[in-house]
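A closer look at the structure
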Amino acid sequence: MRVVWDAPVDDNARDYGNGAWLVDDTLVRSRYDAVTAFDARSGDRRWEYAPPGQDHVCAVSRRTAGSVVLLARGDRGPGGQGCATVAALDLTTGRELWHVRRAPADLTESLTDMVAAGGGLAVLRDGDDRWVLETIRPAVQGSEALRAFDLLTGAPRWKAAVPAGCVPERVAAGERQVLAVLTCGRTELQLAAFDKADGKAQWSAPLGGRPTPGTDAEVTLLSTDPVIVQVGGTVQGGLPGAYLAFDEDGTPLSRIESTGGHGTIQSHRPGVVAVADGRLYTAAETKRGKEYVNRVVAFDLLKGTEVWRSDLASGRGFLALEAADGRVTALVRMLARRHDDTDELLVLDAATGNEQDTGADIDHKAGELADLLIHQDLVVLVRWGWGVRPFSVYERE
């Protein structure tokens, strides 16, 4: 591996507004104060989008739809209105396509999955969170709580028929349907699907309850096609979690526990779980004698069964993994040499778990790894935070 380029070091970081996407040969990163695009090959800056006035980027959609990403922005300072605007941004040009007002309640916001892009739609959860009877819940309820717009023009498409007594906490937009995590009766969690065309409720499935009133829902919408939801296990030292798979009609297909014979899936860490080709690929840890063993485990999402596992050599741990094009690419660190300056890249056959390539050294840089992106022969490491380089790009030789 050879270093192609590094992005400049970030400072004055915040814990909101962070995102990273690869669109063709353009790498884009978002943080609270700006969205910046780089040429993936050269590292040259292509454009930068800065929110107007005193606005900050509060939240961004996890995924792009084509070249469009959604962002929520607003003034979160004293006297500000919170995240009062949702905008669509073209990542090829940095141009804001349109924006729409939303209804913030106060500044105790749950920013995760506030907005989503997919299937030609821009979907937003309207109304920020507020404390109600010791429970955090969105202040806007009913048919005003979940809205959809045309992704390219911003034209209103529908208001969702959210069930009575339920409010949306997280949203995701797929090619077939729109998904939302609902809190019903203040403590019960449900996964609900809505028709892309008119927002009518299609099906719902129980996800259990909150472990403690007022805590985060600890639900992650991993995938819309297929429908994969992670419940619990998102906080280190928290309750064990599971991965739930549903078909397009809401019928449960499988449940994969985060802890079992495969070890413990490191689901509290970013970038170590991937969904591709009907399988869930994860980094897991188990204890063998007095030492811990790290491994990649592949599960069949239709059956919930383990397909294969691939153990790392002793003293190695995972930083991130990515699954695409029949390969699982993982960044591995020598735990016994954690203060050294190199990590390793490991490539496995996604069908069998057999090792295809290993031993490529990568310069270790400060900051927790948030994601691993692959673009042709380039490997892109993504980091967020203060004093780190948001992108480090390497080429396979």
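Residues numbered from 1 in each chain as written. Predicted model: local features only at pLDDT ≥ 70, side-chain atom pairs only at ≥ 80, totals over all residues. Heavy atoms only, no water.

**Section: the overall build of the protein**
When its secondary structure is counted, the protein shows zero helices and 36 strands. Expressed as a percentage of its 397 residues, the buried residues of the protein come to 54%. Pairs at least 24 apart in sequence give 44% of the contacts found in the protein among residues at least 6 apart. For the protein, the accessible surface area stands at approximately 16800 Å², while carbon and sulfur atoms represent 47% of it. (Helix = DSSP H or I, 4+ residues; strand = E, 2+ residues; numbered from the N terminus. Buried < 20%, exposed > 50% of the residue type's maximum accessible area, 1.4 Å probe, protein only. Contact = heavy atoms within 4.5 Å. Areas by Shrake-Rupley, 256 points an atom, 1.4 Å probe, with all protein chains shown as cover.)

**Let's talk about the environment of leucine 151**
With respect to the element layout, leucine 151 can be found in the loop between strand 14 (146-150) and strand 15 (156-159). Expressed as a C-alpha distance, the spacing of leucine 151 and glycine 120, which sit 31 residues apart in the sequence, is 5.3 Å. Excluding its chain neighbours within four sequence positions, the residues that come into contact with leucine 151 are Ala65, Val68, Leu70, Ala88, Leu97, Trp98, Ala117, Gly120, Leu121 and Ala122.

**A few points about the nonpolar core**
Within the largest apolar cluster, 21 residues are counted, with the highest numbers of intra-cluster contacts made by Leu70, Trp98 and Leu151. Of all the elements in the fold, those that place two or more residues in this core are strand 6 (56-60), strand 7 (68-75), strand 8 (82-90), strand 9 (95-101), strand 10 (115-118) and strand 11 (121-125). Counting 18 residues, the second-largest nonpolar core is a separate cluster that includes Ala274, Ala276, Ala283 and Ala298. (Core = buried A, V, L, I, M, F, W, Y, C linked by side-chain atoms within 4.5 Å.)

**Details of the side chain of threonine 26**
Mapped onto the secondary structure, threonine 26 falls in strand 3 (residues 26-30). A relative accessible area of 6% places threonine 26 in the buried class. At 2.4 Å, the side chain of threonine 26 forms a polar contact with the side chain of arginine 46. Each residue touching threonine 26, except ones within four places of it in the same chain, is listed here: Trp21, Ala37, Phe38, Arg46 and Leu91. (Polar contact = N/O pair within 3.5 Å; in protein donor to acceptor, adjacent residues only side chain to side chain.)

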